[in-house]
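Each chain, written out:
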Amino acid sequence: MGIQFLATGSYLPGDVVTNEDLAQFLDTSDEWITTRTGIKTRHIAKGETTSDLAVEAARAALSGSGLDPEQIGLVICATVSPDISVPMIAAKVKRALGIENAAAFDLNANCSSFVYTTTTAYSLMQTCGYEYALVVGADTNSQIVDWTDRATCVLFGDGAGAAVLAKTDAPGILATHLDCIIDREDALHCANKLHKTPFFDPDTVETLRERPDKIQMKGSKVMKFAIRAFTESAKIVTQKAGVQIADIKAIVPHQANFRILTSAAKSLGVPLERFCVNIDRVANTSAGSVPTALDEAVRSGVIQRGDLVLLAAFGGGLSSGAVLLEW
Ligand code: UT7
């Protein structure tokens, strides 16, 4: 008995923002963003929230699976930028899609979220008997970036992806690996807003007064971590599964910077063509990153049943992880 990806789906908000659009209000250029990151455009939500994006991606995956909503036993949504905490986004997805009989919760492992979500669903399906699970990664990064900070805001976009996992006779998921090293320097940081209450005023506590509630990043530090963590995760899951990296048909990476992918491809000795890349069009969509690229690769026929596929991600925390599977 294995746990297999049955179907995928994704959703991107309709509005596309180009590098030239950003250069209208930032000291930046298409040339800088393209050469340093590989990003040309990103989708930005205007009027839609993270949970709206999650619902649409989940709807597409569920529809592709051919299942009835009541067959889903587990819904997990991953996000860094939830628009609602109560109810959790997974509950909103359940309600919108009429999924009556499922356990549901949200999960946040920053940009590594989709590999954490998939691994969590995989484990719960094995131990708790769920036949089908719906996993979603969604983010509206435009809400949490500082639009005056050219070093970060140009990197991100909004989007969501989802997948239906099923217990099958096929091998499906072969190995998983999750990790999180301590971020001693706050290389990636974004605080939630603290509110004044009748009992507590955050402004009276010096350490709480100046908490930036927008993404701050020490880019080159994160980049070094990303290349190392990506390469290590890939090696660990292939060793666990007893397969050669050369046999992997498609690598679906977290899309943070095209330069990270070229470096990782080089150190793994894998042709860059095996990487499923959409960063040029969608930028970094955090939890939405891996599942949107996966959905695109499945829909375009790049990934076929029986192929060895590697999902690998890294991000704040500093978290990282990978899932190796036979599609
Ligand atoms: O999903 C979470 C994980 N995130 C990542 O993995 C991101 C990892 N890091 C990166 O992708 C890269 O470090 C960045 C794209 C963020 C930055 O690239 P870099 O090659 O490390 O550039 P840098 O930070 O060293 O900056 C080089 C120069 C600086 O100017 P000076 O000090 O050399 O004069 C920056 O001020 O580029 C400047 N700069 C910009 N210039 C034009 C920074 N952002 C911009 C910009 N437009 N948007």
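Thresholds, definitions, all that
- Residues numbered from 1 in each chain as written.
- Predicted model: local features only at pLDDT ≥ 70, side-chain atom pairs only at ≥ 80, totals over all residues.
- Heavy atoms only, no water.
- Helix = DSSP H or I, 4+ residues; strand = E, 2+ residues; numbered from the N terminus.
- Rg over C-alpha atoms; globule rule 2.2 N^0.38 Å.
- Buried < 20%, exposed > 50% of the residue type's maximum accessible area, 1.4 Å probe, protein only.
- Pairing = 2+ DSSP bridges.
- Near = heavy atom within 4 Å.
- Polar contact = N/O pair within 3.5 Å; in protein donor to acceptor, adjacent residues only side chain to side chain.
- Areas by Shrake-Rupley, 256 points an atom, 1.4 Å probe, with all protein chains shown as cover.
- Domains from an automatic or database assignment.
- Contact = heavy atoms within 4.5 Å.
- Buried area = accessible area lost by both parts, 1.4 Å probe.
- Salt bridge = Lys/Arg side-chain N within 4 Å of Asp/Glu carboxyl O.
- Axes fitted to C-alpha atoms, helices over the stretch in contact; angles between N-to-C directions.
- Patch = residues over 30% accessible without salt bridge, like charges linked within 9 Å, V, L, I, M, F, W, Y side chains within 5 Å.
- Parallel < 35°, antiparallel > 145°, perpendicular 65-115°, else oblique.
- Left-handed = near helix turned anticlockwise from the far one by under 90°.
- Nonpolar A, V, L, I, M, F, W, Y, C, P; charged D, E, K, R; others polar.

1. Looking at the overall build of the chain
Part 1 of the argument: Broken down by element type, the chain carries eleven helices and 13 strands.
Part 2 of the argument: In summary, the chain has a C-alpha radius of gyration of 19 Å against a globular reference of 20 Å for 327 residues, a match within 12%.
Part 3 of the argument: With the C-alpha coordinates of the chain rotated into their principal frame, the extents come out at 55 × 50 × 35 Å.
Part 4 of the argument: Scored against the burial criterion, the 327 residues of the chain give a buried share of 52%.

2. Notes on the pairing of strand S7 (residues 158–168)
Part 1 of the argument: When you tally the buried positions in S7, you get ten out of eleven residues, the bulk of the element.
Part 2 of the argument: Summarising the sheet, strand S1 (residues 2–11) and S7 pair through nine bridges and their orientation is antiparallel. Bridge pairing in S7 links tyrosine 11 to alanine 160.
Part 3 of the argument: As defined by bridge partners, strand S6 (residues 132–140) adjoins S7 across nine bridges and the pair is classed as antiparallel. Residue pairing across strands places leucine 134 opposite valine 164, the latter belonging to S7.

3. Brief notes about the environment of leucine 308
Part 1 of the argument: Relative to the helices and strands, leucine 308 resides in strand S12 (residues 308–315).
Part 2 of the argument: With 18 residues separating them in the primary sequence, leucine 308 and glutamate 326 have C-alpha atoms 4.6 Å apart.

4. Examining the site of the ligand
Part 1 of the argument: Neighbouring residues of the ligand: 23 residues in total, closest Thr28, Arg36, His254, Asn257 and Asn284.
Part 2 of the argument: Between the ligand and glycine 219, the relevant distance is 3.0 Å, taken from a nitrogen atom to a main-chain nitrogen or oxygen of the residue.
Part 3 of the argument: Contact with the protein chains removes 72% of the 960 Å² of surface that the ligand exposes when unbound.
Part 4 of the argument: Looking at the shell around the ligand, the elements with two or more residues in it are helix H2 (30–37), helix H6 (150–153), helix H8 (219–241) and helix H9 (258–268).
Part 5 of the argument: Considering every element that reaches the shell around the ligand, the biggest residue donor is H8, with four residues.

5. What about the domain arrangement of the chain?
Part 1 of the argument: Per the domain assignment, the segments of the chain are domain 1 (2–170) and domain 2 (174–183 + 214–326).
Part 2 of the argument: Computed from C-alpha coordinates alone, the two centres of domain 1 and domain 2 are separated by 16 Å.
Part 3 of the argument: Each partner contributes residues to the interface: domain 1 has 48 residues there, and domain 2 has 42 residues.
Part 4 of the argument: Each partner contributes to the roughly 3500 Å² buried at the junction of domain 1 and domain 2, and carbon and sulfur atoms together form 61% of this total.
Part 5 of the argument: Counting the contacts that link domain 1 with domain 2 gives zero salt bridges.
Part 6 of the argument: On the surface where domain 1 and domain 2 come into contact, there are 24 residue pairs in polar contact (both at pLDDT 80 or more).

6. Points about the sheet that holds S12
Part 1 of the argument: Taken in spatial order, the four strands of this open sheet run S8-S13-S12-S11, and their pairing is mixed. Edge positions in the sheet fall to strand S8 (173–180) and strand S11 (250–253), since each of these pairs with one other strand and no more. Ignoring which end each strand starts from, the neighbouring axes of this sheet average 10° apart.
Part 2 of the argument: Here S11 pairs with S12 via four bridges, running parallel. By the bridge assignment, isoleucine 251 is partnered in S12 with leucine 310.
Part 3 of the argument: Across the sheet, helix H5 (residues 113–128) touches S8, S12 and strand S13 (319–326), and the angle it forms with S8 is around 125°.

7. Structural notes on the sheet that holds strand S5 (residues 103–107)
Part 1 of the argument: Taken in spatial order, the five strands line up as S1-S7-S6-S4-S5 in an open sheet, and their pairing is mixed. Each edge of the sheet is formed by a strand with only one pairing partner; in this case those strands are S1 and S5. When strand polarity is set aside, the average angle formed by the axes of neighbouring strands in this sheet is 15°.
Part 2 of the argument: The strands that H5 touches are S1, strand S4 (74–78), S5, S6 and S7; relative to S6, the one it contacts most, it runs at about 165°.

8. Some words on unusual backbone geometry
Part 1 of the argument: Following valine 86, the chain continues into proline 87 via a peptide bond in cis, with omega recorded as -5°.
Part 2 of the argument: Inspection of the secondary structure puts proline 87 in the loop between S4 and helix H4 (89–97).
Part 3 of the argument: Omega for the bond connecting glycine 317 with leucine 318 falls within 30 degrees of zero, at 10°, which places this linkage in the cis form.
Part 4 of the argument: Within the fold, leucine 318 resides in the loop between S12 and S13.
Part 5 of the argument: In this structure, asparagine 110 takes a positive phi of about 50° despite not being glycine.

9. Quick word on a nonpolar patch on the surface
Part 1 of the argument: Taken together, the side chains of Leu194, Phe199 and Phe200 define a hydrophobic patch exposed on the protein surface, amounting to about 340 Å² of accessible area.
Part 2 of the argument: Examined against the element boundaries, phenylalanine 200 turns out to sit in the loop between strand S9 (188–189) and helix H7 (206–209).

10. Some details on the environment of lysine 46
Part 1 of the argument: Considering the arrangement of structural elements, one finds lysine 46 in the loop between strand S3 (41–43) and helix H3 (50–65).
Part 2 of the argument: Separated by 33 residues in the primary sequence, lysine 46 and proline 13 have C-alpha atoms spaced 7.8 Å apart.

11. Concerning the packing of H3 against H4
Part 1 of the argument: Interaxial distance between H3 and H4 falls to 9 Å at its minimum, and their mutual angle equals 50°. Relative to H4, H3 is oriented oblique. In this structure, H3 meets H4 at a crossing whose hand is right-handed. In this structure, H3 uses Thr50, Ser51, Asp52, Ala54, Val55, Ala58, Arg59 and Leu62 to contact H4, whose residues at the interface are Ile89, Lys92, Val93, Ala96 and Leu97.
Part 2 of the argument: Of the residues contributing to the contact of H3 with H4, the split by class is eight nonpolar, two polar and three charged.

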